[in-house]
Amino acid sequence: MKKIKWHRAGALLCALFLFASPLSLLAKDTVYVQTSGSYQAREGSAGFFRYLAYEAAGLSAEQQADARLAYRIVTGQPSKGLRNNSGKGLTNPADGSDATSIKNMKKAVDELPRVNQYRQIENQTQQTALADFNVSPSLMAVAQVQLNYANRNNYHAKSYQVAENLAWDLDNPYSSWYDEEKARYMTGRRDGTQQYRNIVTPTNTVTGLAYGTTNANGHKFGYSQTFCSQRNLYAAGAMSIGQFQNLFDTYYKKVRGQSYQPTGSNKKPSNLSSSALNSGKYVQMLRLYNPNSGEHFYTADPSERDGLVALGWNDEGIGWIAPKESGTPVYRIYNPNAGDHHYTTNADEKNALVSLGWRDEGIGWYSAEKEGFAVFRQYNPNAKAGSHNYTPDVDEAIALVTVYHWQEEDVAWLASGY
């Protein structure tokens, strides 16, 4: 598990259950939560940019701000420097072929040093003194969004005020950008040489690179490389390519290789020490399952658990650890028609459901408020009962959404441990 900056919003009732997606939470007030690698891998480059903005050590305030800008770019939020919206809505990091997917970003990051190798070739053959390119998170994000556009339209998006090189189906795109266009340039021609000039123009000092395989025009894969000067908006968070690679490799190792299979039940040991658990400040949230209705039920009362087990419910152990008290209660309400429960921290949602005939069963437990583990909420649109599941187990949450086609909803509340 790792700590990230997470933003939580109170849910608003638009129908019976309508919640914002987790990515929309980044515009709201902040709290810290912890998530595991598989969920972050599914976020693609957005998860990495958020990691740079809030977790990575040794970054300047300018670099952190640039990472936040990169996050806004790849998630389609309004951002500085946007010229048009031609690339908006084109990112899907869960799609392994998308330029924002974590595996395609890794390929691009691994190939970043190659541009400086060609600058050194230029210095050796043309007696120039070109400096190595630096890289910025925001230029990486711009390259990803614009490549997704180009892969669909076979042309530059021109969404952002940067120079861009494009290539398709070339294992080494510099064979076209540098070798072929330089040969043309050396004959005195300027047409068809802009990509070579982007690489060797001395005032171009910062770059970004994207790789992706999403294409509707017959190509197998494509590259976008973006360039700007030191005075450009997207240069503010620039760092050496080596530093950027080290940061990405650290993040990548933490988020890859996670299982996407359901865990069935949540019986992981608490991260809290025995002394903390015995301090009287925490309660164990017990999880049960009704094999007849499909409902999961959660309670801090062992006697309530025992009574339900006697009626045929399955005891699934400890779901998570909750604070005994906090300023954020989790309300428990019961639908007498469907025969299942709903849980929410939103008093307006609770009151709306009560007005529709649900029974208010009071406060079930409390949410952690500042630091804790996100308890994710999923919704089964096909279920008449047991339509919601709540779990801090990221693999279980992902499996329900990707394997069993539940709908991903908001972070429901925070657990103190699990």
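What you see is a predicted model; the values in this text were computed from it and never measured.

What follows concerns the side chain of Asn-165. Inspection of the secondary structure puts Asn-165 in strand 4 (residues 163-168). The class of Asn-165 is buried, set by a relative accessible area of 0%. Among residues more than four places away in sequence, those in contact with Asn-165 are Trp-177, Gln-195, Asn-198, Ile-199, Tyr-223, Ser-224, Gln-225 and Phe-227.

Glancing now at the pattern of salt bridges. As enumerated under the stated definition, the model contains 11 salt bridges in all. Measuring nitrogen to oxygen at the nearest pair gives 3.0 Å for the salt bridge that ties Lys-107 to Glu-111. Taken together, the residues span about one helical turn, with Lys-107 and Glu-111 both in helix 4 (residues 102-111) at a distance of 4 residues. Overall, the relative accessible area of 14% leaves Glu-111 in the buried class.

Here the focus is the sheet that holds strand 12 (residues 340-344). With antiparallel pairing, 3 strands are arranged side by side in an open sheet as 12-11-13. The sheet terminates laterally at strand 12 and strand 13 (359-366), the two strands that pair on one side only. In this sheet, adjacent strand axes meet at a mean angle of 30° when their direction is disregarded. Note: strand 11 (residues 329-335) against strand 13, 5 bridges, orientation antiparallel. Looking at the pairing, Val-330 lines up with Trp-365 of strand 13. Docked against the sheet, helix 12 (residues 347-355) engages strand 11, strand 12 and strand 13, running at close to 15° with respect to strand 11.

On to the packing of helix 3 (residues 61-74) against helix 6 (residues 137-153), then. Between helix 3 and helix 6, whose axes approach to 7 Å, the crossing angle comes to 10°. With respect to helix 6, the element helix 3 is oriented roughly parallel. From helix 3, Asp-66, Ala-67, Leu-69, Ala-70, Ile-73 and Val-74 reach across to helix 6, where they touch Pro-137, Ser-138, Ala-141, Val-142, Gln-144 and Val-145.

Moving on: the sheet that holds strand 7 (residues 239-240). What the 5 strands build is an open sheet, ordered 4-6-5-3-7; its pairing is mixed. If you trace the sheet from one side to the other, it starts and ends with strand 4 and strand 7, each paired once. Here strand 3 (residues 134-135) pairs with strand 7 via 2 bridges, running antiparallel. Across the sheet, the residue bridging to Val-135 is Met-239, located in strand 7. Seen against the sheet, helix 4 touches strand 5 (204-212) and strand 6 (222-229) and runs at an angle of roughly 140° to strand 5.

What counts, and at which threshold
Residues numbered from 1 in each chain as written. Predicted model: local features only at pLDDT ≥ 70, side-chain atom pairs only at ≥ 80, totals over all residues. Heavy atoms only, no water. Helix = DSSP H or I, 4+ residues; strand = E, 2+ residues; numbered from the N terminus. Buried < 20%, exposed > 50% of the residue type's maximum accessible area, 1.4 Å probe, protein only. Contact = heavy atoms within 4.5 Å. Salt bridge = Lys/Arg side-chain N within 4 Å of Asp/Glu carboxyl O. Pairing = 2+ DSSP bridges. Axes fitted to C-alpha atoms, helices over the stretch in contact; angles between N-to-C directions. Parallel < 35°, antiparallel > 145°, perpendicular 65-115°, else oblique.

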